[in-house]
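Each chain, written out:
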Amino acid sequence: PTTNIEFQVAESGFVSMKVYDIQGREVQTLVNENLNKGSYSINFNAAGLSSGTYFYKIVTSSFTDVKKMMLVK
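None of these values were measured; they are calculated from a predicted model.

### Examining the packing of aromatic side chains
Here comes step 1: Summed over the entire model, instances satisfying the criterion amount to one aromatic pair.
Here comes step 2: Centroid distance Phe7 to Tyr40: 5.7 Å. Interplanar angle 20°. Geometry classified as stacked. Within this pair, whereas Phe7 is found in strand 1 (residues 2-9), its partner Tyr40 is found in strand 4 (residues 38-45), the two being separated by 33 residues in sequence.
Here comes step 3: A relative accessible area of 10% means that Phe7 is categorised as buried.

And the structure:
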C-alpha cells in the first residue's frame, strides 16, 4: 500500500504536505521542511491506514492545493 506523490515547488521556501482522513483528521505528515525550487517525489506508505477516501494538502507561502485519493487494500 505505497504510492509516490509527485509535486513541483515554484519558489524556494517552507513546504507542508499532510494526509487527512474523510473526517478531516490528520493521519500523516509527508513533508514539513524548507525545499528548493524544483520537482519532488514523496513516498506515501499507507500500511497502517484502512481502505477509504483520503486527502492530501500541500501548502507553500504562495500556494495551497488539496487532492483526493482512494486507498483500496
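The rest of the description comes next.
### Considering the nonpolar core
Here comes step 1: The biggest cluster of nonpolar side chains holds 18 residues, and the ones touching the most others in it are Phe7, Val15, Met17, Val19, Leu30, Val31 and Phe44.
Here comes step 2: Counting residues per element, the ones that place at least two in this core are strand 1, strand 2 (13-21), strand 3 (26-35), strand 4, strand 5 (52-59) and strand 6 (64-71).
Here comes step 3: Phe7 has contacts with Val15, Met17, Val31, Leu35, Gly38, Ser39, Tyr40, Ile42 and Ile58, leaving out every residue within four places of it along the chain.

### Considerations on the pairing of strand 3
The side chains of a regular strand alternate, first on one face of the sheet and then on the other.
Here comes step 1: Bridging between strand 2 and strand 3 involves eight bridges; their strand directions are antiparallel. From the neighbouring strand, Tyr20 faces strand 3, where its bridge partner is Glu26.
Here comes step 2: Linking strand 2 to strand 3, which pair antiparallel, is a turn of four residues; within it Gly24 sits at a positive phi near 85°.

### Thoughts on the sheet that holds strand 6
Here comes step 1: On the basis of which strands lie adjacent, the open sheet formed by four strands has the order 3-2-5-6 and antiparallel pairing. Lying at the two open borders of the sheet, with one neighbouring strand each, are strand 3 and strand 6. Between one strand axis and the next, the sheet turns through 15° on average, direction left out of account.

### Let's talk about the side chain of Asp21
Here comes step 1: If you trace the backbone, Asp21 turns up in strand 2.
Here comes step 2: Asp21 gets classed as buried once you look at its relative accessible area, which sits at 10%.
Here comes step 3: Polar side-chain contacts of Asp21 include one of 3.0 Å to the backbone nitrogen of Gln23.
Here comes step 4: A polar atom in the side chain of Asp21 sits 2.8 Å from the side chain of Arg25.
Here comes step 5: Filtering out sequence-adjacent residues up to four positions away, Asp21 remains in contact with Val27, Thr53, Tyr54 and Phe55.

### Considerations on the pattern of salt bridges
Here comes step 1: This model, assessed by the stated rule, comprises three salt bridges.
Here comes step 2: Its salt-bridge partner being Glu26, residue Lys18 comes within 3.7 Å of it at the nearest N-O pair.
Here comes step 3: Residue classification places Lys18 among the partly exposed residues on the basis of a relative accessible area of 21%.

What counts, and where the lines are drawn
- Residues numbered from 1 in each chain as written.
- Predicted model: local features only at pLDDT ≥ 70, side-chain atom pairs only at ≥ 80, totals over all residues.
- Heavy atoms only, no water.
- Phe/Tyr/Trp six-rings, centres within 6.5 Å; stacked < 30°, edge-to-face > 60°.
- Helix = DSSP H or I, 4+ residues; strand = E, 2+ residues; numbered from the N terminus.
- Buried < 20%, exposed > 50% of the residue type's maximum accessible area, 1.4 Å probe, protein only.
- Core = buried A, V, L, I, M, F, W, Y, C linked by side-chain atoms within 4.5 Å.
- Contact = heavy atoms within 4.5 Å.
- Pairing = 2+ DSSP bridges.
- Axes fitted to C-alpha atoms, helices over the stretch in contact; angles between N-to-C directions.
- Polar contact = N/O pair within 3.5 Å; in protein donor to acceptor, adjacent residues only side chain to side chain.
- Salt bridge = Lys/Arg side-chain N within 4 Å of Asp/Glu carboxyl O.

In short, geometric facts, not functional conclusions.
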